[in-house]
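Given next are the chains, with one letter for each unit.
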Amino acid sequence: RHGERWELQLKGSGKTPYSRNGDGRAVLRSSVREFLCSEAMHYLGIPTSRAASLVVSDDDVWRDQFYNGNLKKERGAIVLRLAKSWFRIGSLEILAHSGELDLLRRLLDFIILEHFPSIAMHDSNRYLEFFSTVVSETANLIALWMSVGFAHGVCNTDNFSLLSITIDYGPFGFMDSYDPNFVPNTSDDERRYKIGNQASVGLFNLSKLLQALKPLLDPRQKQLASQILEEYGEHYYSRFTELFKTKLGLLGENENDNYLIAFLLKVSLLC
């Protein structure tokens, strides 16, 4: 009734071509967690997919919850989740990797037309503008995650939305106390996706997006895109500082603000 378009997706409904040889099912505990967290993130003001419904299944699902070799039978469930789009960085990356450049261009034009109304379709720099928007919005999203102590858990290119919303709630977690080494994913032995790495992983994923876009860019645009990517850190740091100044009630600009934020985070770590 608001004239909005939402895409529906079922999580846990069964095997799909993207199940990586798994059964494509979901267990009740993880489904409840996704439902609650996606709604919590929405009301915290963080861009996210939403949960419309949760249905419990009569089927049993076998899972190794702690990845220690102990399979247990659990109750299955299905979550109906919604987003304006489910396209991810990986959606473009896979086409570029396989050399399907015509399909890559068609998909990219569709995404821009549907979800980036500020970008003119006849503009020869539309892919550059698209990339610039995704870079700045991804920096904003990760800064928002950090402002509430949220760790996604699996920050690969398939879990990073092109619309810069939080998607695919798997082994996520919120810090109980400040710890940049916090890892919510028990299978992440290398701590690749620890909360203190999220901004760096965002940069890595955006570099993969740029790599996917390069076949569609001319030499000048490639150079400009590389400069845009270099500005990611500044976008992130600026937004991070703004959010933490708001949390602390700091008004105006003071050269000691950044020092105070860093000092308080260090104190929190020591406590």
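Structure: above.
Cut-offs applied
Residue positions are counted from 1 within each chain, in the order its sequence is given. Totals for whole chains, interfaces and linings use all residues, but because this is a predicted model, local features are given only for residues with pLDDT of at least 70 and pairs of side-chain atoms are given and counted only at 80 or more. With hydrogens and water set aside, each side-chain value is computed from the structure's full complement of heavy atoms. As defined here, a cavity is a set of points on a 1 Å grid over the protein atoms alone where a 1.4 Å probe fits but cannot get out. A pocket is an open set with protein on both sides within 12 Å along at least five of seven lines, and residues line them when an atom is within 4 Å of a point. Grid points are joined across faces, edges and corners, and a volume is the space filled by probe spheres set on the points. In this count, Pro and Cys sit with the nonpolar residues alongside Ala, Val, Leu, Ile, Met, Phe, Trp and Tyr, while Asp, Glu, Lys and Arg are called charged and the others, Gly among them, polar. For the exposure calls, accessible area comes from a 1.4 Å probe over protein chains only, and a residue counts as buried if that area is under 20% of its type's maximum, exposed if over 50%, partly exposed in between. In summary, the pairing rule links any two rings of Phe, Tyr or Trp, Trp by its six-membered ring, whose centres are within 6.5 Å, and it sorts them by plane angle into stacked for under 30 degrees, edge-to-face for over 60 and tilted for everything else. Starting at the N terminus, helices and strands are each numbered in turn, a helix being any DSSP run of H or I of at least four residues and a strand any DSSP run of E of at least two. Two residues qualify as a contact provided that any one of their heavy atoms is within 4.5 Å of a heavy atom in the partner residue. Buried Ala, Val, Leu, Ile, Met, Phe, Trp, Tyr and Cys residues that are joined via side-chain atoms within 4.5 Å together make up what is termed a nonpolar core. Boundaries of every domain are those given by an automatic assignment or by a domain database. Each patch is assembled from residues with relative accessible area greater than 30% and no salt bridge, linking like charges that lie within 9 Å and nonpolar side chains (Val, Leu, Ile, Met, Phe, Trp, Tyr) that lie within 5 Å. Each accessible area value is a Shrake-Rupley result obtained with a 1.4 Å probe; residue values ignore everything except the protein chains displayed when judging cover. For this analysis, a salt bridge means a side-chain nitrogen from Lys or Arg found within 4 Å of a carboxyl oxygen belonging to Asp or Glu.

Draft legend 1. Broad picture of empty space enclosed by the protein. Per the counting criterion, the structure on display carries 1 cavity of 30 Å³ or more. By volume, the largest cavity amounts to about 50 Å³. Every residue lining the largest cavity is listed: T138, L141, W145, N159, F160, S161, S164 and I165. Residue classes in the lining of the largest cavity are distributed as 4 nonpolar, 4 polar and no charged.

Draft legend 2. Quick look at unusual backbone geometry. Look at S164: it is not a glycine, yet its phi comes out positive at around 55 degrees. The exposure class of S164 is buried, given its relative accessible area of 4%.

Draft legend 3. Layout of the packing of aromatic side chains. Tallied over the entire structure, the rule returns 11 aromatic pairs. Look at W145 and F160: their rings are 6.1 Å apart centre to centre, the planes differ by 85 degrees, and that puts the pair in the edge-to-face class. Residue W145 is located in helix α4 (residues 126-147), and its partner F160 is located in the loop between β5 (150-151) and β6 (173-174); the two are separated by 15 residues in the primary sequence. Note on F160: relative accessible area 5%, which makes it buried. Aromatic rings pair up to connect W145, F150, F160, Y169, F172 and F174 into one cluster.

Draft legend 4. The arrangement of the environment of T138 in detail. You can see T138 is positioned in helix α4. By relative accessible area, T138 is classed as buried at 3%. Placed 48 residues apart in sequence, T138 and T186 show a C-alpha to C-alpha distance of 25 Å. Discounting residues that sit within four places of it in the chain, T138 has contacts with F160, S164 and L206.

Draft legend 5. Molecular detail of the nonpolar core. L92, F130, F131, W145 and L209 are the most contacted members of the largest nonpolar core, which totals 55 residues. A total of 13 residues in this core trace back to one element, the largest contributor, which is α4. Shared between two domains, this core takes at least three residues from each, and those domains are domain 1 (7-83) and domain 2 (89-247). If we skip the residues at most four places from it in the chain, F130 touches L92, L108, I111, I112, F116, I119, L162 and L213.

Draft legend 6. A look at the layout of surface pockets. Within this model, the second largest pocket holds a volume of roughly 280 Å³. What lines the second largest pocket is a set of 16 residues, among which M146, M175, Y178, F244 and L265 lie closest to the centre. Across the lining of the second largest pocket, the residue classes tally to 10 nonpolar, 4 polar and 2 charged.

Draft legend 7. Examining the side chain of S31 more closely. You can see S31 is positioned in helix α1 (residues 28-43). Overall, S31 belongs to the buried group, its relative accessible area being 3%. Filtering out sequence-adjacent residues up to four positions away, S31 remains in contact with A26, L54, A77 and V79.

Draft legend 8. Fine view of a nonpolar patch on the surface. A cluster of nonpolar side chains, L248, Y259, L260, F263, L264 and V267, forms an exposed patch at the surface whose accessible area comes to about 510 Å². In terms of residue count, the dominant contributor to the nonpolar patch is helix α8 (residues 257-270) (5 residues). By the element assignment, L260 lies in helix α8. Using a relative accessible area of 31% as the deciding quantity, one classes L260 as partly exposed.

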